[in-house]
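# Commentary on secondary and tertiary structure
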Amino acid sequence: MSKLQLWIGALYCFIAAVAWGAVFPIAERALHHMDPFWMTTFRYGTVALLLGGILYYKEGRSAFKLERGGRKLVAFGTCGFTINSMGLFWGQKQLGPSGVLLTSIMEAFMPLLVVLLVWSTTRQRPQAGTLSCIGLAFIGVLFVITKGDLSMLGSSELRILPLLSILIGVAGWVVYTVGSGYFQGWSALRYSTMTCILGSLVSLILNSVMTWSGVLTFPTAAQIVPTLPYLAFLIVIGGVVALLAWFKGIELLTSVNGILFINFVPVTTFLIAASAGHHVRFEEWLGMVLIIAAVAANNVISRRSSLQPNISTSV
């Protein structure tokens, strides 16, 4: 592969990571007007339609066949495009500006969580170096959550439910990522499109039931109209463009090299938050640096091991 192709692959991965990093601050503005549940349905329902058109153009009608994998596709699609987004954005909304930073940090932490899931399902113990990286990343997450005040862990200031919601959302995407291994021979575009379509249908059904039962209310025109510019970004840039750029970048660089660019997700979020006037404390910056260092170090380790799974990401 030529140096030009490597540079192009790096550019694609960088574009995707920066787009995903901008998703969380943009979503915060949209969440001022719309709940995270219907926002997820509107966002990924539209993304599913756009990806479906692209899949049909690139791979034809046969790419939409389930091939006896319907149940798995529904399960993984629900994890990736219902549980993940709703969990992250509900938790982010409850935590306010600090939730924006935390969800972004957890996005960078995701590759190491995948290692833990693979370990639990295959009983293949990661190398000691990888476990050290995971421990370092956990310390980084604690710095962001507590802002350096570890006494918060035992106080009422620690908001357990929003943090648990974010963790569940992250776990949803981890399961979704590992699930791609059950569809060997499928392109990343096909797996993402089919799971996005089915996951969006699950979101629609779930939200319709909750709205019918009075738990949710369907957004009014007065709520939808102000969110349209933000939804446009979340759908087009943070959804379709980021996914396609990531797929192309990984194709040119391989996942081992491309995953390093995921570190630009929290960097982008932190810079946008700081430029918007949010005071990012030193402990939060330190937590981000620790996680980036852990992911980078694990990348070096993964080059010498066949245990590191293929990693993708989304928000």
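What this report covers is the structure whose coordinates are included nearby. All residue numbers refer to position in the chain's written sequence, counted from 1. Local features are withheld for residues below a pLDDT of 70 in this predicted model, meaning they are given only at 70 or higher, and side-chain atom pairs are given and counted only at 80 or more; totals for whole chains, interfaces and linings count all residues. Derived side-chain values reflect all non-hydrogen atoms in the structure, with water molecules and hydrogen atoms excluded from consideration.

### With respect to unusual backbone geometry
To keep it simple, the criterion reads: Segments assigned H or I by DSSP are reported as helices when at least four residues long, segments assigned E as strands when at least two residues long, and all are numbered from the N terminus. Only protein chains enter the accessibility calculation, which uses a 1.4 Å probe. A residue is then buried if its area is under 20% of the maximum for its type, exposed if over 50%, and partly exposed in between.
One non-glycine residue, E67, lies in the positive phi region at around 50 degrees. Secondary-structure assignment places E67 in the loop between α2 (36–59) and α3 (70–95). In this structure E67 comes out as exposed when scored by relative accessible area, which is 53%. Notably, R68 is not glycine yet its phi reads approximately 60 degrees, a positive angle.

### Looking at the packing of helix α4 (residues 97–122) against helix α5 (residues 128–146)
To be explicit about the condition: Helix axes are fitted to C-alpha atoms over the stretch in contact, other axes to C-alpha atoms as well, and angles between N-to-C directions run from 0 to 180 degrees. Here the word oblique covers every angle except those under 35 degrees (roughly parallel), over 145 (roughly antiparallel) and from 65 to 115 (roughly perpendicular). When the near helix sits turned anticlockwise from the far one by under a right angle, the crossing is termed left-handed; a clockwise turn instead gives a right-handed crossing. Residues are treated as being in contact if the distance between any of their heavy atoms lies within 4.5 Å. Gly is put with the polar residues, along with every residue not named as nonpolar or charged; the nonpolar set is Ala, Val, Leu, Ile, Met, Phe, Trp, Tyr, Cys and Pro, and the charged set is Asp, Glu, Lys and Arg.
At a minimum axis distance of 10 Å, the contact between α4 and α5 shows a crossing angle of 150 degrees. By the angle class used here, α4 and α5 are roughly antiparallel. Judged by the twist between their axes, the crossing of α4 over α5 is left-handed. Packed against α4, whose contacting residues are L102, I105, M106, F109, L112, V115, L116 and W119, the element α5 presents T130, L131, C133, I134, A137, F138, V141, V144 and I145 at the interface. Here the residues of the contact of α4 with α5 sort into 16 nonpolar, one polar and no charged.

### Looking at the nonpolar core
Just so we agree on the cut-off: We call a set of buried residues a nonpolar core when its members are Ala, Val, Leu, Ile, Met, Phe, Trp, Tyr or Cys and they connect through side-chain atoms within 4.5 Å of each other.
W20, M39 and W246 are the most contacted members of the largest nonpolar core, which has 84 residues in total. In terms of residues, this core owes the most to one element, α4, which gives 13 residues.

### Re a nonpolar patch on the surface
Formally: Every patch collects residues that have over 30% relative accessible area and no salt bridge, joining them within 9 Å if they carry like charges and within 5 Å if they are nonpolar side chains (Val, Leu, Ile, Met, Phe, Trp, Tyr). The accessible surface values rely on the Shrake-Rupley method and a 1.4 Å probe; as for residues, cover is taken only from the protein chains in view. Salt bridges are defined as contacts in which a side-chain nitrogen from Lys or Arg sits within 4 Å of a carboxyl oxygen from Asp or Glu.
Where nonpolar side chains cluster on the molecular surface, the patch consists of L11, F14, I15, V236, I237, V241 and F264 and spans about 520 Å² of accessible area. Those elements that place two or more of their residues in the nonpolar patch are α1 (3–30) and α8 (221–253). Mapped onto the elements of the fold, V241 is located in helix α8.

### So, the side chain of T41
Structurally, the position occupied by T41 is in helix α2. The contact partners of T41, leaving out residues within four places of it in the chain, are M86, S203, L204 and N207.

### Concerning α2
Given 3.6 residues per helical turn, the α-helix brings residues three or four places apart onto the same face. Filter applied, for reference: For a helix, the expected span equals 1.5 Å multiplied by the number of residues minus one. Side-chain atoms alone can form a polar contact between residues adjacent in sequence; in general such a contact is a pair of N or O atoms within 3.5 Å, and within protein one must be able to donate a hydrogen while the other accepts it.
With 24 residues, α2 extends 33 Å between its outermost C-alpha atoms, agreeing within 8% with the 34 Å of an ideal straight helix rising 1.5 Å per residue. Turning to α2, its buried residues are P36, W38, M39, T40, T41, R43, Y44, V47, A48, L51, G52 and L55. With a side-chain oxygen positioned 2.8 Å from the backbone nitrogen of F37, the residue opening α2 is D35.

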